[in-house]
Every structure is written in C-alpha cells, then in structure tokens.
Amino acid sequence: MHLIGFDIGGTKVEAMLIYIGKLKKEESFISSFEFQKSSGDIVPGYVLYKKRVATERHNGYVQLIDKMALLAKEVCAEKNVDLHSLSGIGLSVPGPVDPKSELVTSSNTMILVGHNLHQDLRDKLKVTFPIISENDANCFALAETLCGAGLDYFKKTGIPVNKQVSIGLILGSGFGGGIVVNGKAVTGRRGGAGEVGHMTLYPGGSPCYCGRAGCAEQYLCGPALEASLNNRIYSQIEKRPGAAEIFELYKAQDPIALAVVKRYKSDLAFFLGTLTCMLDPHYFVLGGGLSLQDVIYEGLEKKIGENTYLPEQAISIYKHKIGDSAGAIGAALVVLEQNNLHF
C-alpha cells in the first residue's frame, strides 16, 4: 500500500512516499519503521523517497497548493508509482483543522487559515482517493504511538497501542501537544484538542500571542528558556545564548544557567503532572529541539509523581523515536485510521 505524507511548516514543505507492508527485496528505501495494526499485528513500513522545498509564505496560498501537487507527482515518479494508484495522502498542518468545516482555523502560517487544504489539493491533482488534513502535533503523537514510543511501551508491558493512552509534546520554537487514545488521535469538537500550549501555567503571567496570559507555551518553549536566561544576564555578555548553548552552560555549572534550567524542569514537571491528573496516560513522548537534551529527563518521572494525585507508579517518559519523519508518517497513518484501509 502506497501513501504520501506531507509535513507542512512555516519554512518548508516535505513530501514522503511511504509503503506499508512487505517490500520487494530489490526495491530501495530511505528508512524503515514498524507499525502496529489495531489487530495487534506488527507490520513493516518504509519511506521510499522524500523531497523538501521552501514554503515561501510570502508568495501566497495558491502557489503552495501548486507546489504540493508538483511534489506529490515528483515523489511518485521517482519510484515509478502511479499517482492514481495511491491509497491516500495525509497532510500534517501547523494548526487545528475543524472536523465539520474542514478548514484550518488557526496557524502560525497565516496563509493556511480559512482554507480546506485537502480539498484544494484533491481538486488540483484530480484524484478520488482520500486526502486528509490533521494538526501536526496530533500527527507526531500518532506516529510515535503506533510506530515509536508506543511500540517500545508495548514490548515492555504487553499493552498494545490500541489500548494505550499517550500524550505527545513538542518542545521547540513553540509548545504543542497531541493526545492518542486507543490508537486514535483525539481532535475534539473543533479540532482543538491537545492545544496544551494554551493551557494556563501561571495565571496572569506573561502575555501570549493568543490574547491570553500565562499560557504554558510562554514558559516551556525554547524561546521562553532563552528569554528566562537573557532577562538575568542583562548586558554581561555580547551574544545572548540559544537554548542549546544554555544547556552547555548548565553542564559547565554556570550559576545562572543552573537556576534557569532548574526552574524550567520544575515548570515542566508541574505541567505534566496536571496533564497526568486529567488523562492518566501510560506515557509521555517528547519531541522538538529541547527534547534532545538528556538533562530534561533527569528526575522528571519523580517530579511528575510529586505533582499528581496517584503518584505510586511512575509514568514513563520517552524521547521521540522517529525523529523528523514523524509528522509525515503520522499524516499518512491518519489516512489509514480514518478510512479503515486494509493491507
């Protein structure tokens, strides 16, 4: 079964040609993964080819659809796959998609707002197979549950992915999340489920671009960590360090970095404890640039337990397993999930 997964971002758009099932020995591929079906069977998946181009938001929405249509044709042509033989295309979108209107309702890539991407792409390609848009954090969480951290948890506990509750969190330039229950992404009434970055961490705290104040994103994203340190150093150094440099300063026992990272970890543990009280997940899986820092995980399970109602059994915390491919793979898996495709 051939599928295409798109990962649409503010600066780049990537298309991946994906095959689910047993591949012929002579066929080449870029990377492979495992996928657990609702039946419990584990089947192989392959990224056959991928291509990335610039989003070029300044050129508008229509050129983006044209570019995506061309990408879909190019990745198929590269592997001699007939475009019309695809089982579907999934779009990982930076923002919530309303299940009723199918429009992108909010996004940091403003040219997407108010548009039905999958219908416009379907019209451009003149195809009849399903094309589905889904929030990028949901795609990340679904891919990690079905193919990454969820499989690790299954091998550790025997609990299959279709019986798991998981939360995927992206700690990057923003702070987003996706919730997966019994192998399905939870989208909510308006597509806004899992928008954890706009849950309040500090009532009346720092103003957020959403119009509210004290949102978790204002404290738990990479720029928030940088601002926290920069507000303390004033003019002591010429160049203000980025998030990765802050962790290097932490390892070097810089006193300001030690204080800032300690506060960040405390805020993160408190917030994950709140999410645990609400959803009682089997595990969290972390993605984004900050998730690469091992110090984030040190003592985190214990600290979360101190902020939950049922602290007796520590919750598992995973670093992402799939990496940069999670968005596109997750988008393709949404097509399988929503259309009950069999393979």
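Note that this is a predicted model, so its numbers are computed, not measured. (Residues numbered from 1 in each chain as written. Predicted model: local features only at pLDDT ≥ 70, side-chain atom pairs only at ≥ 80, totals over all residues. Heavy atoms only, no water.)

A. Fine view of the overall build of the protein chain. Along the backbone of the protein chain there are 10 helices and 11 strands. The C-alpha radius of gyration computed for the protein chain amounts to 20 Å, which stays within 12% of the reference 20 Å derived for 343 residues, consistent with globular compactness. By principal-axis analysis of the C-alpha atoms, the protein chain measures approximately 60 × 50 × 40 Å. When the 343 residues of the protein chain are sorted by exposure, 52% land in the buried category. Put simply, 64% of the contacts in the protein chain that link residues at least 6 apart link residues at least 24 apart. Counting every atom, the protein chain has about 15800 Å² of accessible surface; 51% of that belongs to carbon and sulfur. Side chains of the protein chain give 34 positive and 35 negative charges; the mean places of these two sets differ by 1 Å. (Helix = DSSP H or I, 4+ residues; strand = E, 2+ residues; numbered from the N terminus. Rg over C-alpha atoms; globule rule 2.2 N^0.38 Å. Buried < 20%, exposed > 50% of the residue type's maximum accessible area, 1.4 Å probe, protein only. Contact = heavy atoms within 4.5 Å. Areas by Shrake-Rupley, 256 points an atom, 1.4 Å probe, with all protein chains shown as cover. Lys, Arg positive; Asp, Glu negative; His and termini not counted. Charge placed at Lys NZ, Arg CZ, Asp CG, Glu CD.)

B. Focus on the sheet that holds strand E9 (residues 184-185). Strand order in the open sheet formed by 5 strands is E9-E8-E7-E10-E11, and the pairing between neighbours is mixed. With partners counted over all chains shown, the strands left at the sheet margins are E9 and strand E11 (316-319), one partner each. Looking at chain direction, strand E7 (residues 165-171) and strand E8 (residues 175-181) are connected through 7 bridges and run antiparallel. Paired with Gly168 across the bridge in E8 is Gly178. Across the sheet, helix H3 (residues 136-147) is in contact with E7, E8, E9 and strand E10 (283-287); its angle to E8 comes to roughly 50 degrees. Relative to the sheet, helix H4 (residues 149-157) contacts E10 and E11, its axis offset from that of E11 by approximately 135 degrees. (Pairing = 2+ DSSP bridges. Axes fitted to C-alpha atoms, helices over the stretch in contact; angles between N-to-C directions.)

C. Fine view of the sheet that holds strand E3 (residues 31-36). Taken in spatial order, the 6 strands make up an open sheet running E3-E4-E2-E1-E5-E6, and their pairing is mixed. In this open sheet, the two strands that pair with only one neighbour each are E3 and strand E6 (131-135). On average, each strand axis in the sheet is tilted by 25 degrees relative to the strand beside it, whichever way the strands run. H4 contacts E3 and strand E4 (42-54) of the sheet and is inclined by roughly 55 degrees relative to E3.

D. How the structure looks around the packing of aromatic side chains. Summed over the entire model, instances satisfying the criterion amount to 5 aromatic pairs. Each ring, one from Phe175 and one from Phe271, has its centre 5.7 Å from the other, and the planes form 65 degrees; the classification is edge-to-face. Of this pair, Phe175 sits in strand E8 while Phe271 sits in helix H8 (residues 255-279), placing them 96 residues apart in sequence. Here Phe175 and Phe271 have matching classes, each one buried. (Phe/Tyr/Trp six-rings, centres within 6.5 Å; stacked < 30°, edge-to-face > 60°.)

E. Main features of the pattern of salt bridges. With the rule as written, the count across this model stands at 12 salt bridges. Between Glu74 and Lys51 there is a salt bridge, and its shortest N-O distance comes to 2.8 Å. Placement of the pair is Glu74 in helix H1 (residues 61-78) and Lys51 in strand E4, with a sequence separation of 23 residues. The closest approach of N and O atoms between Lys302 and Glu306, which form a salt bridge, is 2.8 Å. Given a relative accessible area of 60%, Lys302 falls into the exposed group. (Salt bridge = Lys/Arg side-chain N within 4 Å of Asp/Glu carboxyl O.)

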